[in-house]
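Topology and contacts: notes
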Amino acid sequence: MVARRSPFGYNERMHELSVAQSMMSVALENAAANNAKKILRIALVVGKLSGVSVDALRFAFDAVKADTIANGAALVIEETAADARCGACGNGFEAGQYDFLCPACGAPVFPTGGNELYVKELEIE
Ligand SMILES: [Zn+2]
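Values in this document were obtained by computation on a predicted structure and should not be read as measured data. (Residues numbered from 1 in each chain as written. Predicted model: local features only at pLDDT ≥ 70, side-chain atom pairs only at ≥ 80, totals over all residues.)

This part covers the nonpolar core. Formed by 18 residues in total, the largest nonpolar core has its most connected members in A20, A27 and L57. Where this core is concerned, the elements lending two or more residues are α1 (14-33), β3 (39-47) and α2 (54-65). It is α1 that provides the largest number of residues to this core, a total of six residues. Setting aside residues no more than four positions away along its own chain, A20 makes contact with L57, A60, F61 and V64. One finds L49, A82, C102 and V109 within the second-largest nonpolar core, a separate group that totals six residues. (Core = buried A, V, L, I, M, F, W, Y, C linked by C-beta atoms within 7 Å. Buried ≥ 20, exposed ≤ 12 C-beta atoms within 10 Å, placed from the backbone. Helix = DSSP H or I, 4+ residues; strand = E, 2+ residues; numbered from the N terminus. Contact = placed C-beta atoms within 7 Å.)

This is the structure:
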């Protein structure tokens, strides 16, 4: 984890800042394409395996939205579970970050969810 002291007076994680910046450009491009004057709400999907801290992402969003038409926008974050499926018996379950074996038969599993990281929805006016 790389952290720096920001001019805003809190430690922010650089990773989440760059994620917030790229998500904000997606939101602003979409808003511009729809002739929006304001972004009221931004809904994100963040998977548990995406490597992004939701708290750090919220802080980062507050920083990047400040001088944009999204400055009053509410941020809604939907976290998706780290779902996995067994390659041998087909058992599907919610895995922890380091669960690689099927709890039913012990065979290796592969992830089927949890890496999501995208802008799901915008509310504009
Ligand atoms: Zn299995």
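Moving on, we get to the sheet that holds strand β7 (residues 109-111). If you walk across this open sheet you meet the three strands as β6-β5-β7, and the pairing is antiparallel. Looking at strand neighbours, the two that pair on one side only are β6 (92-94) and β7, the edges of this open sheet. Averaged over all pairs of adjacent strands, the angle between strand axes in this sheet comes to 30°, irrespective of strand direction. When strand β5 (residues 83-86) meets β6, the two strands line up antiparallel, connected through three bridges. In the strand pairing of β6, D83 is matched with E94. (Pairing = 2+ DSSP bridges. Axes fitted to C-alpha atoms, helices over the stretch in contact; angles between N-to-C directions.)

Turning next to unusual backbone geometry. Of note in this structure, N35 is not a glycine but carries a positive phi near 55°. Looking at the element boundaries, N35 is found in the loop between α1 and β3.

On to the sheet that holds β3, then. If you trace the three strands from one edge of the open sheet to the other, you get β4-β3-β8, paired in mixed fashion. Strands with a single pairing partner mark the edges of an open sheet, and in this sheet they are β4 (74-80) and β8 (117-124). Strand-to-strand twist across the sheet, computed as the mean angle between neighbouring axes with direction ignored, equals 20°. As paired strands, β3 and β4 are joined by seven bridges and run parallel to one another.

Any functional reading would require information that these geometric values do not contain.
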